[in-house]
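For reference, the chains in residue letters:
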Amino acid sequence: MDDLDKAILINFDESGTIDDSLKKQAKTFCEQIKAKPSICSMCIEKLCFSNLIQVQFWCLQTLHEAIVSRYSSMNPQEKQLIRHSVFSIVCLEGVGANNSATRVLEGPPFVKNKLAQVLVTLIYFEYPLIWSSVFLDFFPHLNKGKMVIDMFCRVLNALDDELISLDYPRTPEDISVATRVKDAMREQCVGQIVRAWYEIVSMYRNVDEEVCVGVLESMRRFISWIDIGLVVNDAFGALLFDLVLAAGVGDRLRSAAIKCLTAVVSKRIEPRSKLALLQSLQISRLFRLVVDDANAELVSDIAVLLTGYATELLDCFKRIDSEARGISMELLDEVLPSVFHLMKDSELDATFNVVQFLSSYVATMKSITPLGEKQLLHVGKILELISVLIRYDPEYRSNIDMLDKIGKEEEDRMVDFRKDLFVLLRSVGRVAPGVTHLFIRNLLANVISTSSNSSNVEEVEAALSLLYALGESLTDEAIRDGQGLLSEVVPMLLSTKFSCHPNRLVALMYLETVTRYVKFIQDNTQYIPMVLAAFLDDRGIHHPNINVSRRASYLFLRFVKLLRVKLVPFIETILQSLQDAVAQFTSMNYTTELSRSEDGSHIFEAIGLLIGMEDVPPEKQCDYLSSLLIPLCQQVEVLLVNDKTNVEANVKVAAIQHIIMAINSLSKGFNERLATSSRPTIGLMFKQTLDVLLQVLVVFPKVGSLRSKVISFIHRMVDTLGSSVFPYLPKALGQLLAESEPKEMVGFLLLLNQLMCKFNTSVHDILEESFPAVAGRVLSVIAGDALLLGPGAVTAITEEVRELQELQQTFLSFLHVVATHNLSSVFLSPQNREYLDQIMQLLLYSSCNHKDILVRKACVQIFIRLIKDWCGQPYEEKVPGFRNFMIQTFAINCCLYSVLDRSFEFHDANTHILFGEIVLAQKVMFDKFGNEFLVYFVSKGFSSAHCPPHLAEQYGQKLQEADIKELKSFYKSLIENLRIQQNGSLVFR
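Residues numbered from 1 in each chain as written. Predicted model: local features only at pLDDT ≥ 70, side-chain atom pairs only at ≥ 80, totals over all residues. Heavy atoms only, no water.

This paragraph deals with the overall build of the chain. Each helix and strand counted, the chain has 48 helices and 0 strands in total. Computed over C-alpha atoms, the radius of gyration of the chain comes to 42 Å, more than 25% over the 30 Å expected from 2.2 N^0.38 for 989 residues, which places it beyond the range of a compact globule. Dimensions of the chain along its principal axes, counting C-alpha atoms only, are 115 × 90 × 70 Å. Each of the 989 residues in the chain was classed as buried or not, and the buried ones make up 53%. Pairs at least 24 apart in sequence give 73% of the contacts found in the chain among residues at least 6 apart. In the structure as shown, the chain presents an accessible area of about 43200 Å², 52% of it carried by carbon and sulfur atoms. (Helix = DSSP H or I, 4+ residues; strand = E, 2+ residues; numbered from the N terminus. Rg over C-alpha atoms; globule rule 2.2 N^0.38 Å. Buried < 20%, exposed > 50% of the residue type's maximum accessible area, 1.4 Å probe, protein only. Contact = heavy atoms within 4.5 Å. Areas by Shrake-Rupley, 256 points an atom, 1.4 Å probe, with all protein chains shown as cover.)

Looking now at empty space enclosed by the protein. Scanning the model with the defined rule gives 3 cavities of 30 Å³ or more in all. Here the largest cavity is characterised by a volume of approximately 70 Å³. Among the secondary structure elements, those contributing two or more residues to the lining of the largest cavity are helix 20 (397-402) and helix 23 (457-471). Considering the residues around the second largest cavity, the lining is formed by V490, L493, L494, T513, V514, Y517, V518, I521 and V531. Mapped onto the lining of the second largest cavity, the elements with two or more residues apiece are helix 25 (485-494) and helix 26 (504-516). When residues of the lining of the second largest cavity are assigned to their parent elements, the largest contribution, 3 residues, is made by helix 25. By residue class, the composition of the lining of the second largest cavity is 8 nonpolar, 1 polar and no charged. (1 Å grid on protein atoms, 1.4 Å probe; cavity = no way out; pocket = protein on both sides within 12 Å on 5 of 7 lines; lining within 4 Å. Points joined across faces, edges and corners; volume = space filled by probe spheres on them. Nonpolar A, V, L, I, M, F, W, Y, C, P; charged D, E, K, R; others polar.)

Turning our attention to the side chain of R170. Its location among the elements puts R170 in the loop between helix 8 (146-164) and helix 9 (172-188). Within the buried core, R170 has no salt-bridge partner, and the shortest N-O distance to an opposite charge, that of D174, equals 5.4 Å. For R170, the side chain forms a polar contact with the main-chain oxygen of D161, separated by 2.6 Å. Separated by 2.9 Å, the side chain of R170 and the backbone oxygen of S165 make a polar contact. Not counting residues up to four positions away in its chain, the partners in contact with R170 are D160, D161, E162, L163, I164, S165 and I175. (Lys, Arg positive; Asp, Glu negative; His and termini not counted. Salt bridge = Lys/Arg side-chain N within 4 Å of Asp/Glu carboxyl O. Polar contact = N/O pair within 3.5 Å; in protein donor to acceptor, adjacent residues only side chain to side chain.)

The next subject is the environment of L749. Note on placement: L749 falls in helix 39 (residues 745-759). Look at L749 and you get buried, because its relative accessible area is 0%. For the pair L749 and L807, spaced 58 residues apart in sequence, the C-alpha separation works out to 9.0 Å. Apart from residues lying up to four places away in sequence, L749 is in contact with V774, V778, L807, T810, F811 and F814.

The UniProt record annotates "domain: Exportin-1/Importin-beta-like" (unreviewed entry) at residues 108-261. In residues 108-261, the share of helix is 68% and the share of strand is 0%. The end C-alpha atoms are 30 Å apart. (UniProt positions renumbered as here; feature names shortened; annotations may be inferred.)

Per the counting criterion, the structure on display carries 47 salt bridges. As a salt-bridge pair, D160 and R221 come within 3.0 Å of each other at their nearest N and O atoms. In this pair, D160 sits in helix 8 while R221 sits in helix 11 (residues 209-222), placing the two residues 61 residues apart along the sequence. According to the relative accessible area criterion, R221 is buried, its value standing at 17%. Notably, a salt bridge pairs R716 with D719, separated by 3.9 Å at the nearest N-O pair. Taken together, the residues span about one helical turn, with R716 and D719 both in helix 37 (residues 704-721) at a distance of 3 residues.

Turning our eyes to something else, we now look at the packing of aromatic side chains. Summed over the entire model, instances satisfying the criterion amount to 36 aromatic pairs. Between F87 and W131 the ring centres are 5.5 Å apart and the planes differ by 75°, which places this aromatic pair in the edge-to-face class. One end of the pair, F87, is in helix 5 (residues 76-90); the other, W131, is in the loop between helix 7 (109-126) and helix 8, and 44 residues separate them in sequence. For the residue pair F87 and W131, the accessibility class agrees, reading buried in each case. Ring centres of Y127 and F135 lie 5.1 Å apart, and the angle between their planes is 90°; this geometry places the pair in the edge-to-face category. Each of the two residues, Y127 as well as F135, counts as buried. Among the aromatic residues, ring-to-ring pairing joins F904, F906, F915, F933, F937, F942, Y955 and Y971 into one connected group. Across the ring face of F241, the terminal group of R285 is positioned such that the distance to the ring centre comes to 3.7 Å. (Phe/Tyr/Trp six-rings, centres within 6.5 Å; stacked < 30°, edge-to-face > 60°. Lys NZ or Arg CZ within 6 Å of the ring centre and 35° of its normal.)

A pair of packed helices is characterised by two quantities: the angle between their axes and the separation of those axes. Following both chains from N to C, one finds helix 2 (residues 20-34) and helix 4 (residues 53-70) inclined at 50°, their axes separated by 11 Å at the closest point. It follows that helix 2 is oblique to helix 4 by the angle criterion. Handedness of the helix 2/helix 4 crossing: right-handed. On helix 4, the residues that touch C30, I33 and K34 of helix 2 are W58, T62 and E65. Its residues assigned to classes, the contact of helix 2 with helix 4 comprises 3 nonpolar, 1 polar and 2 charged. (Axes fitted to C-alpha atoms, helices over the stretch in contact; angles between N-to-C directions. Parallel < 35°, antiparallel > 145°, perpendicular 65-115°, else oblique. Left-handed = near helix turned anticlockwise from the far one by under 90°.)

What follows deals with helix 29 (residues 546-563). Counted at 1.5 Å a residue, the expected span for helix 29 with its 18 residues is 26 Å, and the 26 Å between its end C-alpha atoms agrees. Taking the backbone nitrogen of N547 as reference, a side-chain oxygen 2.8 Å away marks N545 as the first, capping residue of helix 29. (Expected span 1.5 Å × (residues − 1).)

Further remarks concern the packing of helix 39 against helix 40 (residues 764-782). Viewed as axis vectors pointing N to C, helix 39 and helix 40 meet at an angle of 150°, and their least axial separation amounts to 12 Å. The angle between helix 39 and helix 40 places the two elements in the roughly antiparallel class. Relative to helix 40, the crossing made by helix 39 is left-handed. On helix 40, the residues touching M745, F748, L749, L752 and M756 of helix 39 are L767, V774, R777 and V778. Class assignment for the residues of the contact of helix 39 with helix 40 results in 8 nonpolar, no polar and 1 charged.

Moving on to the nonpolar core. Among the nonpolar cores identified, the biggest contains 366 residues, and M185, W197, F556, F814 and Y971 are the most heavily contacted of them. When residues of this core are assigned to domains, at least three map to each of domain 1 (569-705) and domain 2 (842-988). When near neighbours in sequence (up to four residues on either side) are disregarded, F556 contacts L532, F535, L536, I541, I574, L578 and A606. (Core = buried A, V, L, I, M, F, W, Y, C linked by side-chain atoms within 4.5 Å. Domains from an automatic or database assignment.)

Here's what the structure looks like:
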């Protein structure tokens, strides 16, 4: 070995035993050698003499790089040397005086591939203008045997990879060269190449399978752009089919032949010629392989071939308008049974291709009316395939039932996989509704007939899923009418208990399917008892799996909302069935958490909706409600008495929280008219309940989760009790305020907003009393924190910052509700005036700078309302200093400076609305303040913005004479002109 050999070996060493510095030196040395002018001749010489694989590869790689980088600068002698030497090695000829080609051709595949790449690089630059005979020169050497044949195939494959194939991104120059090479080959040698392929495969098929596989792999790549008649003919076509069908042919060779046929089928040609080609193939010869062959890989290849064949036939059918369409359909009818069979058993990737084809096939069937007997048969087969493919794998049954990590992954995978299949099902249902309905009916009847078999979990779930998915394509009217399928299937479903019902998937899909078709029950009330049984027995709410039970509670609530009035006769039955679920909240074992981790909201809301109807007799209604509220309130009272219970605080809090949620949900079924006018006894019970729950705030004043639940219940009582809730509000609001931290004020503010929106000025005294505490606490944490308002001012949004922003925004919303509900006088009461200045500054800053445009709009609206409320007559001033503040501060900063800022984007819809409010504010200020506003705004504001006098004068005229729309348009134009002027781009005349 010389120094270069040693350097190359060090460079390629992967053992990790060589020092990094030595490797670096070796790399540097190799790069220096590469830079020598004689590098190509050095590489060729080493290829002749070196037996080291690493050296051979390095030399070939260096030759490739040299040709690519400096071919144009090489002299003719150097090009001839490379051309002659490389081709001689490829064809197993001696180089110079030393016959050493076998050194490379006996090497590993990566060396031979690199050799092929070097030759293809020469073809890129020289064929056909300089080296026109490169392919023709190959043919005499093919009789040297498998080594040269192998290199011939590698060169063709490299030509496809490096130049021709469009599977890789190509530059326009590459595409131009590829076109030049292909055109020359078609004209000169493609026919001879195909003949060589045929002769080699014929000669070696029984001698060397590897040689034949290599040849067919090369041929497959070329079929897409050569004359198809060279391959599809009596000789070569027969040979390909013989390789596939003959006994004793190896699987790899058969697979290679099938892939060639797939390339033939997929070749892009004119539709009529394509149909003739497909017809000539007589592909039916391969159908027996679908059943006979057990080799999974071969079956997968056949699946791709037959799917491609069927897809091309379908494409021909769509694109040909003549009797030839009949031929397409006949060939399709012939191949589809095999396609269906393959879809059941082939690999997933092939299945996806088939699903795409079947979707296209079904879409095409929409144009055929009526469907023929064969088409209807195919539709039935498609439905059968769908029912098989959507089944879960029994291997994962326990994982999915427990929903462990493996089960969750498998369920997610199947949910995604099923999407296309369910789309296909709905398409079939539209094309052939009769066949689809009959199939699902029979499938369901079959699984019901074997319902005692607990091992058919996947079949039952699949049948239910198909029935559920079908419902997505039915209108509400069709479900309600229930003609045909539903009138038979729904009763069948409701009366069935599967032995596999304890399985989570089966139980959930059963309940979802029942709910999907519940509109059928609306006009078929005789089935209501059956539906109730399905929801209330161990198929639903009493199912042993907590996930099923929870979902059943939610779906039962949906059922109750839909059939509410029609369920009145069944209230006793329902309450009796739910007694144990309700008892979890009315008689708890406090030593543990709730046994089923169920908050009860759905069950109690459903009960409330049922017993809260006026159709229920008053006495019964009171009995029902008291039987629920009294035990629930007693539980709360017991939990609130510390010395009588030996329960940890966190368990108490959790229990009380669940009870309040249950009561809250229960109350949703009762409206204000019933609770206050028609049946005041109901209202009285809720008032007593409110009294009890307010004690929670006394015992647990600092528990945020309980505070929010009590506030939520007060919200409900405001809606349910109306103004009769007033006597309870001072106590409720006082207790909520007593221990609340500033950041806990959001819920309280929202409650005040609700009261103001519902009762308007009736809550004036309550609001006036609460306002000092509200304003004091909120302003103590937000008024001076302008950073939270400015756009982009806060760089890192922490949880604390987010909470402050939410509080600030809620407080601004609260101020907006106060102002817009005729309650602004609250701001002026003696105990509240001390906060007025802070509030004005907060509103001013927010109206100019808040990051939320809608908040800015609300702040401007507040100012507009305050002007109208506090300046009712011209020159009247209820609030000393307010007029000056509005003219000198608000008008200049908000109405002028904030809109001049380029962050104020007129093209934004919300900003456009804000701009309208700002213009309206100017109009209102002029109406109330007269020329005092106009003079100051023009003299101080416009002058500071360097507004030309004539535009300022026009503004004054528009403000006095124009309507709001015209004023808005003018002011927008004015602001845009001022912006341009600020950039020095506009000269006013």
